[in-house]
Amino acid sequence: MDYIIELLNITKEFPGIKANDNVTLKLKPQTIHAVLGENGAGKSTLMSILFGLYQPEEGKIRVRGKDVKITNPNIANDLGIGMVHQHFKLVEDFTVVENIILGSEPTTKFGTIDIASAAEKVSRISEQYGLKVDPYAKIKDISVGMQQRVEILKMLYRDAEVLIFDEPTAVLTPQEIEELLNIMKGLIKKGKSILLITHKLAEIKQVADECSVLQKGRYIGTVNVAETDTLKMAEMMVGRNVNFTVEKTEAKPKQTVLKVENIMLQGETDKPIINNVSFEVKAGEIFCVAGIEGNGQTELVELITGLEKLTSGKITLNNNEIQNLSIRKRTEAGIGHIPEDRHKHGLVLEYSVEENMALQTYYMEPLSKNGIINRGEVRKLSDELIERFDVRSGKGSETTARSMSGGNQQKAIIAREINRSPDLLIAVQPTRGLDVGAIEYIHKELIRERDSGKAVLLVSLELDEVLDVSDRIAVMYEGEIMDTVYSKDTNENELGLMMTGSKKAGDK
């Protein structure tokens, strides 16, 4: 038997879109097989079919050489197939072990749930695969990287042999990514087989044996990763040459747009979350706040946008103090915000694309008059933005935001915020979870905003993005700014040391 999983001629349609169009994919045992494609190429759909979340219109699935019908995830589990979803399926208030056993709780002879033996088994598996997870920790108290390990443990607890990872590194720090890739290699050594959905070419090169490429729902081909360079894979994915270098001229900064002076945010402990932070962002420059996740960048943006109230200090936009203004007033004063969490703060997922496109301006002319929304104008705006920003969706402006791929959700937010032409565009992790084609596009848009005289405040964890796109970089560590440097005068190594609090720029 050559293959552990065979997806043969799979076709899946949703209203207005063929998500998978006659796709074939075969997984060899004890290998990592990457599934590569742009946002909306049909990767997650294909894996959801294998996991029993969707049923295909055509095609068949073979597991270990036998034809099977996977009508729900329980059948997938019984066949030894597990899946870590892009957005984790965890109960925040439950402990690690409670999440892992959910749906298959072991019981004592008295009929109560046997947490102790389950925790012991979890500890044993955790140890065996080098996952280092505390079974009694609550989900809400552990890092995103640890939560992902809980998802992996959920599969291993159920004896999964085939592990599907859907965009597993989209929410991780560079250090966590490195750890996860090592965990994957360890899983293969212990006899598991992995299907890895991703569009990060460097990660595919690092861990995958084979890579199958999808483009707009169609199968393009499968390559041997060791023998194929990233440019070739990128070209297969987007159907054209991709430029990996960010093209931009020297910044020409003008007047100060945003001025942050000695701002503090006191948390529940003695140590402030934001400690005496000051910086300026000028028109015509991209100013980046870099750092490892959890060092105060999120709260810093919340203070500027009004999602959080500062303890002390001053925030000035175009020479006007804004720290006491409401969120809407700050938006109207000239702030655009591409938020870190697109689901929580970027979109109303149950709304249509056109309703989301109008979220910041629905109460203004021409979108409404005398308090009545003009649906025709909303549709016109939405259609224009979908066209201009290449937002792909099954039913255009009428599509529900929830049903779009993550990358197209992100494009919709970026379209809405850039279209308002704000004086200050705050972009937090704007390319998180996006493919190379979309990343290239978004970087160009940020640079275009800069070149049109706008101020751009970028917050990013991706060091190559920080160095390629920014003009100046402030590194945050434990709520303080370690130092501010020009991107042309620094490198990944120096930034990495500053991010861990080890040194400042220029230290020997």
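Our structure's up above, just so we're on the same page.
Predicted, not measured: the structure shown is a model, and the values here were computed from it.

Peer 1: When you look at the pattern of salt bridges in this model, what are you seeing that I'm missing?
Peer 2: Close approach of charged atoms allows side chains with opposite charge to pair. Going through the model one piece at a time under the given rule, you end up with 34 salt bridges. A salt bridge links aspartate 67 to arginine 62, with the nearest nitrogen and oxygen atoms 2.9 Å apart. Overall, the relative accessible area of 25% leaves arginine 62 in the partly exposed class. A salt bridge links lysine 282 to glutamate 280, with the shortest nitrogen-to-oxygen separation between them at 3.3 Å. The exposure class assigned to lysine 282 is partly exposed, which follows from its relative accessible area of 25%. You can call glutamate 280 partly exposed: its relative accessible area is 27%.

Peer 1: In this structure, what is going on with the nonpolar core? I would like to understand it.
Peer 2: It is characteristic of soluble globular proteins that their nonpolar side chains tend to be buried jointly. Core analysis: the biggest nonpolar cluster contains 53 residues, and Phe165, Leu187, Ile194 and Cys211 have the highest contact counts within it. The element contributing the most residues to this core is helix α6 (residues 174–189), with 7 residues. Among residues more than four places away in sequence, those in contact with isoleucine 194 are Leu27, Thr31, Ile32, His33, Leu163, Phe165, Met184, Leu187 and Ile188. By size, the runner-up hydrophobic cluster in this structure holds 43 residues, among which are Cys288, Ala290, Ala358 and Leu425.

Peer 1: Looking at this structure, I do not really get the sheet that holds strand β20 (residues 455–460). What am I missing?
Peer 2: Taken in spatial order, the 6 strands make up an open sheet running β16-β19-β20-β13-β21-β22, and their pairing is mixed. The sheet terminates laterally at β16 (335–338) and β22 (480–486), the two strands that pair on one side only. Each strand axis lies, on average, 15° off the axis of its neighbour in the sheet, ignoring direction. The sheet contact formed by strand β19 (residues 424–428) and β20 spans 5 bridges and is parallel. Residue pairing in the sheet places valine 428 in a bridge with valine 459 of β20. Docked against the sheet, helix α14 (residues 406–419) engages β16 and β19, running at close to 175° with respect to β16. Against the sheet, helix α15 (residues 436–451) contacts β13 (286–290), β19 and β20, and its axis sits at roughly 150° relative to β20.

Rules and cut-offs
- Residues numbered from 1 in each chain as written.
- Predicted model: local features only at pLDDT ≥ 70, side-chain atom pairs only at ≥ 80, totals over all residues.
- Heavy atoms only, no water.
- Salt bridge = Lys/Arg side-chain N within 4 Å of Asp/Glu carboxyl O.
- Buried < 20%, exposed > 50% of the residue type's maximum accessible area, 1.4 Å probe, protein only.
- Core = buried A, V, L, I, M, F, W, Y, C linked by side-chain atoms within 4.5 Å.
- Helix = DSSP H or I, 4+ residues; strand = E, 2+ residues; numbered from the N terminus.
- Contact = heavy atoms within 4.5 Å.
- Pairing = 2+ DSSP bridges.
- Axes fitted to C-alpha atoms, helices over the stretch in contact; angles between N-to-C directions.

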